[in-house]
Amino acid sequence: MSILYLLIPLSLILLGLAVWAFFWAVKHDQFEDLEGPAYRILFDDDDNDRPAEPRRSGEARDDTGDGAESPAAGPDDEGR
């Protein structure tokens with residue numbers, strides 16, 4: 001019976017901490033977007049999964065996907 005004198009205040013303290021944590025999460029917008037992270041995995045670009053292409057020093061990388069080469073900008077073209 002004397003254990004109840006310890007367990008009841010301890011449970012009230014834990015309840016108070018849980019309520020505080022809930023209101024802190026609401027205040028800091030933790031429940032703002034619940035569906036976004038679930039859909040984000042479906043639209044992954046997989047850019048990090050591709051191996052890095054070795055670049056030659058005179059060519060620029062073509063990220064447009066149309067097959068046309070971009071003009072390479074050298075370090076001398078920076079101020080022009």
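Remember, it's a predicted structure, so these values are computed and weren't measured experimentally.

Caption draft 1: Representation of the overall build of the chain in the model. Counting secondary structure elements, the chain contains two helices and zero strands. Burial status across the chain gives 2% buried among its 80 residues.

Caption draft 2: Summary view of a negative patch on the surface. On the surface, Asp 29, Glu 32, Asp 33 and Glu 35 cluster together into a patch of negative charge. One can find Glu 35 in the loop between α1 (4–27) and α2 (36–40).

Caption draft 3: Seen up close, the packing of aromatic side chains. Taken as a whole and judged by the stated rule, the model has two aromatic pairs. Centroid distance Phe 22 to Phe 23: 5.5 Å. Interplanar angle 70°. Geometry classified as edge-to-face. Looking at Phe 22, the relative accessible area reads 44%, which means it is partly exposed. Through pairs of rings, three or more aromatic residues link up here, namely Phe 22, Phe 23 and Phe 31.

Caption draft 4: Here's a closer look at α1. For α1, spanning 24 residues, the distance from its first C-alpha to its last is 34 Å, which sits close to the expected 34 Å at 1.5 Å a residue. With its phi angle positive at about 55°, Asp 29 sits one or two positions after the end of α1.

Rules used throughout
Residues numbered from 1 in each chain as written. Predicted model: local features only at pLDDT ≥ 70, side-chain atom pairs only at ≥ 80, totals over all residues. Heavy atoms only, no water. Helix = DSSP H or I, 4+ residues; strand = E, 2+ residues; numbered from the N terminus. Buried < 20%, exposed > 50% of the residue type's maximum accessible area, 1.4 Å probe, protein only. Patch = residues over 30% accessible without salt bridge, like charges linked within 9 Å, V, L, I, M, F, W, Y side chains within 5 Å. Areas by Shrake-Rupley, 256 points an atom, 1.4 Å probe, with all protein chains shown as cover. Salt bridge = Lys/Arg side-chain N within 4 Å of Asp/Glu carboxyl O. Lys, Arg positive; Asp, Glu negative; His and termini not counted. Charge placed at Lys NZ, Arg CZ, Asp CG, Glu CD. Phe/Tyr/Trp six-rings, centres within 6.5 Å; stacked < 30°, edge-to-face > 60°. Expected span 1.5 Å × (residues − 1).

The analysis is restricted to geometry; functional conclusions fall outside its scope.
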